[in-house]
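Structure assessment
The chain contents come next:
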Amino acid sequence: MTTQPHITRIAVPDGVAPGRGYTHVVTGTGRLVAISGQVALDATGAVVASGDAGAQARQVFENLRRCLAAAGAGFADVIKLTYFVTDAAHMPAIRAVRDEFLDAEQLPASTAVQVTALVMPDLLLEIEAFALISG
């Protein structure tokens with residue numbers, strides 16, 4: 001179990017198989033921040049790195065970072081990530097980029113879903129986030 005002043009993470013509850021790259025339970029007190037699904041669009045709305053899941057993931061996590069900062073939060077405050085991917089085979093590249101942004105000892109609860117398409121055909125992934133900030 002890892003703890004911040006306002007967040008507790010229980011990686012493996014009794015009787016539950018260990019997760020690979022996520023925490024099963026995250027709880028805490030504070031103010032909830034919901035971040036809409038972010039995709040690989042730059043500040044002008046142009047798709048970044050068509051066909052490259054790793055590069056798109058980097059743009060998505062940068063967008064998430066900016067959104068979290070706008071709410072006074074950071075990645076340490078994230079309690080849940082939901083990944084929507086057009087091909088589950090992209091997950092290793094996405095996780096590699098995620099690991100550049102998130103502390104491996106404080107991973108959030110997570111869900112990954114393979115979808116047939118996203119809002120634009122060149123997009124490979126979308127990630128939404130929930131964070132909990134003290135106060």
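Before reading on, note that the structure itself is shown above.
Summarised in this report is the structure supplied together with it. (Residues numbered from 1 in each chain as written. Predicted model: local features only at pLDDT ≥ 70, side-chain atom pairs only at ≥ 80, totals over all residues. Heavy atoms only, no water.)

1. Remarks on the pairing of strand S7 (residues 125–133)
Note: strand S4 (residues 31–38) against S7, six bridges, orientation antiparallel. Directly across from Leu 32, in S7, lies its bridge partner Leu 132. In this sheet, S7 lies alongside strand S5 (residues 78–85) in antiparallel orientation, the contact comprising seven bridges. Considered in S7, the bridge of Lys 80 is made with Phe 130. (Pairing = 2+ DSSP bridges. Helix = DSSP H or I, 4+ residues; strand = E, 2+ residues; numbered from the N terminus.)

2. What to know about the sheet that holds strand S6 (residues 109–114)
Sheet architecture is open: four strands sit in the order S4-S7-S5-S6, paired in mixed fashion. The sheet terminates laterally at S4 and S6, the two strands that pair on one side only. Pairs of neighbouring strands in the sheet enclose a mean axial angle of 10°, with direction left out of account. Relative to S7, helix H1 (residues 53–70) is tilted by about 30°, and along the sheet it contacts S4, S5 and S7. Helix H2 (residues 91–101) contacts S5, S6 and S7 of the sheet and is inclined by roughly 150° relative to S5. (Axes fitted to C-alpha atoms, helices over the stretch in contact; angles between N-to-C directions. Contact = heavy atoms within 4.5 Å.)

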